[in-house]
There are 2 protein chains.
Amino acid sequence: MDKEIPYKIYLEEDEMPKQWYNVRADMKHKPAPLLHPATMQPMTAKDLRPVFCDELIAQELNDTDAYLDIPAEIRDFYKMYRPSPLVRAYCLEKKLDTPAHIYYKFEGSNTSGSHKLNSAIAQAYYAKKQGLKGVTTETGAGQWGTALSMACSYFGLDCKVYMVKISYEQKPFRREVMRTYGASVTPSPSMDTKIGRKILAEHPGTNGSLGCAISEAVEAAASLDGYRYVLGSVLNQVMLHQSIIGLETKAALDKYGVTPDIIIGCAGGGSNLGGLISPFMGEKLRGEKDYRFLAVEPASCPSFTRGKFAYDFCDTGMVCPLAKMYTLGSNFIPSANHAGGLRYHGMSPVLSQLYADGLMEAVAVEQTAVFEAAEQFARVEGILPAPESSHAIKAAIDEALKCKEAGEAKTIVFGLTGTGYFDMYAYEKFHDGKMTDYIPTEAELKESFSKLPPQP
Amino acid sequence: MDKEIPYKIYLEEDEMPKQWYNVRADMKHKPAPLLHPATMQPMTAKDLRPVFCDELIAQELNDTDAYLDIPAEIRDFYKMYRPSPLVRAYCLEKKLDTPAHIYYKFEGSNTSGSHKLNSAIAQAYYAKKQGLKGVTTETGAGQWGTALSMACSYFGLDCKVYMVKISYEQKPFRREVMRTYGASVTPSPSMDTKIGRKILAEHPGTNGSLGCAISEAVEAAASLDGYRYVLGSVLNQVMLHQSIIGLETKAALDKYGVTPDIIIGCAGGGSNLGGLISPFMGEKLRGEKDYRFLAVEPASCPSFTRGKFAYDFCDTGMVCPLAKMYTLGSNFIPSANHAGGLRYHGMSPVLSQLYADGLMEAVAVEQTAVFEAAEQFARVEGILPAPESSHAIKAAIDEALKCKEAGEAKTIVFGLTGTGYFDMYAYEKFHDGKMTDYIPTEAELKESFSKLPPQP
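Rules behind the numbers
- Residues numbered from 1 in each chain as written.
- Chains lettered and ligands numbered in written order.
- Predicted model: local features only at pLDDT ≥ 70, side-chain atom pairs only at ≥ 80, totals over all residues.
- Heavy atoms only, no water.
- Contact = heavy atoms within 4.5 Å.
- Buried area = accessible area lost by both parts, 1.4 Å probe.
- Salt bridge = Lys/Arg side-chain N within 4 Å of Asp/Glu carboxyl O.
- Polar contact = N/O pair within 3.5 Å; in protein donor to acceptor, adjacent residues only side chain to side chain.
- Helix = DSSP H or I, 4+ residues; strand = E, 2+ residues; numbered from the N terminus.
- Nonpolar A, V, L, I, M, F, W, Y, C, P; charged D, E, K, R; others polar.
- Buried < 20%, exposed > 50% of the residue type's maximum accessible area, 1.4 Å probe, protein only.
- Right-handed = clockwise from strand over helix to strand, strands pointing away.
- Pairing = 2+ DSSP bridges.
- Axes fitted to C-alpha atoms, helices over the stretch in contact; angles between N-to-C directions.
- Parallel < 35°, antiparallel > 145°, perpendicular 65-115°, else oblique.
- Left-handed = near helix turned anticlockwise from the far one by under 90°.
- Expected span 1.5 Å × (residues − 1).

Q: Could you give an account of the interface of chain A and chain B, naming the residues involved and the relevant values?
A: Contact with chain A, which involves 43 residues of that partner, is made by 43 residues of chain B. When chain A packs against chain B, close to 4000 Å² is buried across both sides, 57% of that on carbon and sulfur atoms. Its largest share of buried area at the contact with chain B, chain A owes to A:Phe173, A:Thr180 and A:Tyr421, together 18% of the area lost on that side. In this structure, A:Arg175 and B:Glu428 form a salt bridge, with 2.8 Å as the shortest nitrogen-oxygen distance. Where chain A touches chain B, the interface holds 25 residue pairs in polar contact (both at pLDDT 80 or more). Listed by contribution, the elements that provide at least two residues to the side of chain A that touches chain B are helix H3 (72-81), helix H6 (143-155), helix H8 (172-180), helix H15 (367-381) and helix H17 (424-431) of chain A. In terms of residue count, the dominant contributor to the side of chain A that touches chain B is H8(A) (six residues). Among the residues making up the side of chain A that touches chain B, the classes are represented as 21 nonpolar, eight polar and 14 charged.

Q: Break down the pairing of strand S6 (residues 134-139) of chain B for me, citing the residues and quoting the values.
A: All names here are of chain B. A large share of S6 lies buried, amounting to six of its six residues. Side chains Gly134, Thr136 and Glu138 project from S6 onto one buried face, and the interleaved Val135, Thr137 and Thr139 project onto a second face that is buried too. Handedness of the S6-helix H6 (residues 143-155)-strand S7 (residues 158-164) crossover: right-handed. Two strands pair when backbone bridges link them, and S6 and strand S9 (residues 227-229) are joined in this way by three bridges, in the parallel orientation. For Gly134, the partnering residue across the bridge sits in S9 and is Tyr227.

Q: Can you break down the packing of helix H15 (residues 367-381) of chain B against helix H17 (residues 424-431) of chain B residue by residue, with the values?
A: All names here are of chain B. In contact at an axis separation of 11 Å, H15 and H17 are set at 100° when each is read in the N-to-C sense. Taken together, H15 and H17 sit at an angle that is classed as roughly perpendicular. For the pair formed by H15 and H17, the contact residues are Thr368, Phe371, Glu372, Ala374 and Glu375 on the first element and Ala426, Tyr427, Phe430 and His431 on the second. Partitioning the contact of H15 with H17 into residue classes produces five nonpolar, two polar and two charged.

Q: Just give me the short version of the sheet that holds strand S4 (residues 86-88) of chain A, but keep the residues and values in it.
A: A sheet is described by the order of its strands in space; here seven strands give the open sequence S1-S4-S5-S15-S10-S11-S14 (chain A), paired in mixed fashion. Here the strands that pair on one side only, and so sit at the sheet edges, are strand S1 (8-9) and strand S14 (361-365) of chain A.

Q: I'd like to hear about the packing of helix H5 (residues 117-129) of chain A against H6(A), residue by residue, with values.
A: Residues and elements named next belong to chain A. Relative to each other, H5 and H6 sit at 40°, their axes nearing to 8 Å. When the axis of H5 is compared with that of H6, the two are oblique. Here H5 runs over H6; the crossing is right-handed. Where H5 abuts H6, its residues Leu117, Ala120, Ile121, Gln123, Ala124, Tyr125 and Lys128 lie against Trp144, Ala147, Leu148, Met150, Ala151, Cys152, Tyr154 and Phe155. In terms of residue class, the contact of H5 with H6 is built from 13 nonpolar, one polar and one charged.

Q: Please set out the pattern of salt bridges residue by residue, giving values where relevant.
A: Counted according to the given criterion, the structure contains 54 salt bridges over all chains. Put simply, A:Glu55 and A:Lys129 hold a salt bridge, and the shortest N to O gap is 2.6 Å. In this pair, A:Glu55 is assigned in helix H2 (residues 54-61) and A:Lys129 in helix H5, connecting sequence segments 74 residues apart. One salt bridge connects A:Glu176 with A:Arg175, and the closest N-O pair in it is separated by 3.3 Å. Residue A:Glu176 shares its accessibility class with A:Arg175, and that shared class is buried. Among the charged side chains, a salt-bridge network with shared partners connects A:Arg175, A:Glu176, A:Arg179, B:Glu428 and B:Asp432.

Q: How would you explain the sheet that holds strand S6 (residues 134-139) of chain A if you had to name every residue and give the values?
A: All names here are of chain A. Here four strands make up an open sheet; going across it, the order is S8-S7-S6-S9 and the pairing parallel. Bordering the open sheet on either side are strand S8 (184-188) and strand S9 (227-229), each of which pairs with just one other strand. Averaged over all pairs of adjacent strands, the angle between strand axes in this sheet comes to 25°, irrespective of strand direction. Across six bridges, the pairing between S6 and strand S7 (residues 158-164) is parallel.

Q: Quick one: what's the story with helix H11 (residues 236-255) of chain B, residue by residue and with numbers?
A: Residues and elements named next belong to chain B. For H11, which comprises 20 residues, the first-to-last C-alpha distance of 29 Å matches the rise-based estimate of 28 Å (1.5 Å per residue) to within 8%. Across the 20 residues that make up H11, a large majority, 17, are buried. Phi for Gly257, located one or two positions after H11, is positive at around 65°.

Q: Run through unusual backbone geometry, naming residues and quoting values.
A: Residues and elements named next belong to chain A. Look at the link from Arg82 to Pro83: it is a cis peptide, with omega at -10°. Note that Pro83 resides in the loop between H3 and S4. Within the chain, Val234 stands out as a residue other than glycine whose phi angle is a positive 65°. In this structure, Val234 sits in the loop between S9 and helix H11 (236-255).

Structure, rendered in structure tokens:
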């Protein structure tokens with residue numbers, strides 16, 4: 001069997017999925033609805049309309065249809081960088097001397113450098129279809145902003161990105177990639193919005209924050225004619241679009257008669273992990289097959305492993321709806337020392353419900369160990385991984401070493417979400433021995449939990 | 001026919017070439033031999049042995065065998081990132097509204113970000129096979145150094161990279177990628193070598209130069225026990241290894257019954273262009289088929305279009321052998337304003353001979369126009385191209401527009417050698433309107449040509 005499996009499994013273009021899979025349709029316990037911050041009542045399509053595109057709202061609220069057609073225009077775009085390869089990590093297996101079979105689905109072979117493009121193109125398409133002029137969004141390090149810029153450029157939409165000021169200044173390269181794709185990139189807080197001007201007046205020297213950038217992007221979308229706001233993670237619609245990752249993975253494995261034992265993904269807001277595990281989770285929910293699913297999060301921002309399953313604000317500014325999710329509190333800010341992404345205080349409501357129902361596991365890993373795994377992986381598999389993706393690598397290596405100890409030839413599949421080309425400052429810190437680990441104290445979490453909103 | 005051609009043509013793993021093609025075997029006029037700088041006599045294997053690996057010397061001197069087996073160990077490594085896709089540029093064709101069919105062979109889907117890895121892995125393999133401890137090399141911007149670091153890491157070889165000091169300081173990211181792969185990166189000039197110490201004593205504040213870094217790397221290889229020097233372009237062996245690009249391209253086109261009319265590549269030292277055109281040039285040399293071949297070089301460093309076909313030193317320090325090639329003179333230094341690579345004063349002796357024999361064409365293009373083409377390409381095809389590769393894009397677009405004017409549905413194939421993730425400073429300059437063009441004056445070239453060595 002082994003001999004027959006190539007290093008990289010590529011599906012043919014006509015084997016690519018033509019529908020997204022909506023795992024909510026197979027969930028017995030549906031994820032809890034978003035709540036309106038003023039009324040604490042479930043958000044309706046009408047409530048969401050000033051901010052989101054109509055068809056995306058329909059997807060957001062749809063927890064009954066298991067399959068939704070991928071429009072031909074989106075499939076055409078997917079063909080430019082998909083199917084992404086499912087790689088058999090022969091070299092890593094050899095290096096670890098493990099009987100485990102390791103596969104990874106590599107989503108970094110596109111200019112945005114990550115899986116974010118899968119949802120960006122869908123969101124841009126529906127905005128275009130609705131006849132909008134453009135979209136607004138926020139970005140921290142810039143991965144999502146880059147993906148959205150590419151998608152908007154393809155459909156001729158205007159793209160306004162509010163980029164956290166300190167990232168705008170310290171990470172100019174991603175900003176330039178966005179400009180190459182024609183996006184306007186504004187350091188946040190800015191003088192463009194009411195909330196930006198207010199914050200600048202109160203804190204003239206501020207570096208900005210993701211929470212503030214979200215507020216500016218939402219305000220801009222609501223106040224500009226023909227604009228809507230889009231978001232790259234957490235939302236149900238994003239997980240739907242990202243199911244393409246899992247569907248391709250499953251199709252590639254099925255082609256070679258391989259059944260995974262454990263499926264691993266890094267988890268920030270849950271977009272990649274949710275997309276990767278969706279079709280496999282569907283089988284588990286329908287009682288057809290069983291798999292272990294493992295979410296890997298940073299020990300410095302441990303939503304699943306140390307958070308509360310509660311209604312909380314999606315943004316720091318507390319202007320967005322509330323979601324029921326594993327959360328560290330919308331005021332929680334991970335240590336500045338933390339290098340990668342995965343800094344979000346909450347987690348996808350879908351994944352949160354699945355975790356609460358005992359259908360998946362989670363583990364928290366420390367930063368230095370993650371970079372050690374990243375470097376080990378790069379040296380044998382050739383790919384320089386993003387810090388985010390390297391959380392999954394770390395967990396996959398740990399599982400493979402357990403297999404070695406137990407003498408078990410398990411099949412491990414993990415998501416390699418992207419490349420680390422724009423994260424070399426963090427690698428430099430690691431090489432120079434200047435990287436440290438940080439784990440929030442019980443007292444810090446207690447303080448943050450105390451500010452959770454009253455539960456409905 | 002069109003309908004059947006996918007966006008990306010991937011060969012199956014078992015369709016990948018098992019032999020490199022050596023175009024010199026089919027050349028009626030062989031490229032002139034390297035000459036010893038002291039005796040001006042052809043370099044023998046013995047002369048080359050202190051500096052290069054034995055098997056690579058054999059490849060360097062072999063102009064009779066058309067096909068050389070690719071060792072299984074190298075083919076295994078190739079499988080980690082090859083076959084590279086041959087992409088049908090449907091979106092670019094549509095944007096240009098041209099009847100031309102445009103294809104590009106994309107070599108950027110590996111962590112080194114370019115085709116350089118194809119030869120780096122071969123050179124590292126032969127060094128390992130010879131039982132060496134390590135290799136030395138120089139790097140400017142760092143593309144070749146990155147590729148070599150990856151290759152050495154895979155085979156457990158030590159890798160010492162002399163990086164031009166100004167690049168080392170101003171472009172820390174590629175340096176960190178090299179360190180991730182375990183290479184030692186030394187800013188050049190350094191105190192490690194005699195030549196480095198001499199230059200530092202004479203010019204304490206120098207920024208370094210590629211010429212100086214080559215001299216340091218060669219000295220280090222010759223003085224360290226168990227080390228040899230390796231080089232990423234210009235040499236015959238490099239063109240041999242890079243023939244994998246053309247062989248895959250040809251196999252992919254043959255699969256769909258497509259015959260190119262014109263094949264285009266950017267040309268610095270010639271490694272990519274030579275590799276891409278090799279098997280097609282072989283058919284032309286054997287009188288089986290005819291193709292147009294087009295080398296694209298920067299107007300600021302126009303070796304083919306304005307250089308002399310003469311014996312010249314391969315390095316600025318004049319310690320390396322002399323090669324007969326199109327050259328601007330080994331003292332020629334392109335304007336500091338020039339952003340991309342392709343800064344080498346000379347050109348592959350094989351390509352030089354083919355050009356002198358009228359078997360291929362060349363064109364020089366200006367920097368600003370190249371970045372305009374790069375941005376246009378990125379926006380429709382999604383890939384952010386390296387400045388070097390964008391020279392080929394510019395020429396391909398020009399040819400496609402000529403087809404539009406003439407109403408001809410020609411088939412254009414070009415080499416997209418790599419990605420521009422580490423070139424965002426140049427893109428920033430372009431976006432900010434601060435990029436300018438530079439063309440050397442006749443007087444400058446005349447001055448440089450006056451320093452060419454006496455011809456044998």
